[in-house]
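Working through the structure, step by step
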Amino acid sequence: MTFELSYDSKKRLVIGGVLVAVAGWIMVDAMAGGAEHWGRVLVRLPLLLTGQGDGWPITGGFALNILLSIASMAMATVLGTLLGISTLAQSPYLRLPAFFIMNFLRNSPWLVLLFAMLFILPFQVEIFGLRIPFPPFVKAVIGLALPTAANLSEVVRGAVQSIHSGQWEAARALGYTTPQIYRHVILPQALRRMIPGWMNLYALLTIATALATVTGIQDVLTILNTSLAMESERVLVYFYLTTLFLFFAYCYPIAIFARRLERAVKGDNI
């Protein structure tokens, strides 16, 4: 009698094996003299997390990466929804420019867009005597939000197109205008189908916040490159491994939850 493991069981075994291997390596390394290096990482951990040696107030570090990802995703959600709906517009004057912008941003390197926002956007704008500053953090938010919005627009477009055409016909028969159909009929149904893709994009965006170090904000990588520059190369390896684990520990649960939601949504559509 043979037993065949399911895909989820195999995946759990692989992940468990990797975690056991990593834990084993840490233990072996600690016994081989790496305990001192891990101790230095533990002492500097508040600096990596908050940008401050004592952990408060929060001025940077990994907490700033999370804040950057949330702000960028909020902007990308608004822009991506408008862009996705615009690519479905009947008017070519709205559809074609939206289609061009979406494809241009989707196929542009994120690092190049960050550099572009850094040099194109001014340090401040004066409107009717009111000065609006553009600090590096705001430029990083815009630079990361643009490509994310372009990718999100495809998620929105696919979710809207997955709604049965009978919904449109029924809404038009009731006398709804196109904006009313989107607002009251299509988007409430499409939202549930967008969530898994939205969450996957957020996880990718969080990982991409490491690129924002080029703007000069005090994110976790900037702190590694400046505040910890006096550490030896051997010790820096442990700091980078810790940073890698921080991103993994934050993003991987989001990816797992997104896959579960995706399976649930597909189950509802059967």
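Everything here concerns the structure above.
In short, a report on the structure.

Some points on helix α5 (residues 136-161)
For α5, which comprises 26 residues, the first-to-last C-alpha distance of 38 Å matches the rise-based estimate of 38 Å (1.5 Å per residue) to within 8%. Helix geometry: α5 is bent most strongly at Ala145, by close to 25 degrees, with proline Pro147 lying one to four residues after it.

Here we look at the nonpolar core
Counting 32 residues, the largest nonpolar core has Leu68, Leu144, Val160, Trp168, Ile181, Ile186 and Ala190 as its most contacted members. Among the elements of the structure, α2 (62-86), α4 (110-120), α5, α6 (165-173), α7 (178-208) and α9 (233-269) are those that each provide at least two residues to this core. A total of twelve residues in this core trace back to one element, the largest contributor, which is α7. With residues near it in sequence (within four places) discarded, Ile181 still touches Trp168, Ala171, Arg172, Tyr176 and Ile186.

Remarks on the packing of aromatic side chains
One pass over the full model with this rule turns up eight aromatic pairs. With centroids separated by 6.2 Å and ring planes inclined at 20 degrees, the aromatic side chains of Phe100 and Phe104 adopt a geometry described as stacked. Here Phe100 pairs with Phe104, and both are found in helix α3 (residues 92-106), just four residues apart, close to one helical turn. When the centroid spacing of 6.1 Å and the interplanar angle of 10 degrees are considered together, the rings of Trp198 and Tyr202 count as stacked.

Thoughts on the pairing of strand β2 (residues 130-133)
Where strand β1 (residues 124-127) lies against β2, four bridges are found, and the strand directions are antiparallel. Paired with Ile127 across the two strands is Leu130, which belongs to β2. Between β1 and β2, which pair antiparallel one after the other, the connecting turn spans two residues, and Phe128 there sits at a positive phi close to 50 degrees.

With respect to the environment of Thr87
If you trace the backbone, Thr87 turns up in the loop between α2 and α3. Once the C-alpha coordinates of Thr87 and Met102 are considered, the two residues, 15 residues apart in sequence, prove to be 8.5 Å apart. Not counting chain neighbours up to four residues away, the residues in contact with Thr87 comprise Arg95, Ala98, Phe99 and Arg157.

Parameters at a glance
- Residues numbered from 1 in each chain as written.
- Predicted model: local features only at pLDDT ≥ 70, side-chain atom pairs only at ≥ 80, totals over all residues.
- Heavy atoms only, no water.
- Helix = DSSP H or I, 4+ residues; strand = E, 2+ residues; numbered from the N terminus.
- Expected span 1.5 Å × (residues − 1).
- Bend = angle between axes of the 7 residues up to and from the residue.
- Core = buried A, V, L, I, M, F, W, Y, C linked by side-chain atoms within 4.5 Å.
- Buried < 20%, exposed > 50% of the residue type's maximum accessible area, 1.4 Å probe, protein only.
- Contact = heavy atoms within 4.5 Å.
- Phe/Tyr/Trp six-rings, centres within 6.5 Å; stacked < 30°, edge-to-face > 60°.
- Pairing = 2+ DSSP bridges.

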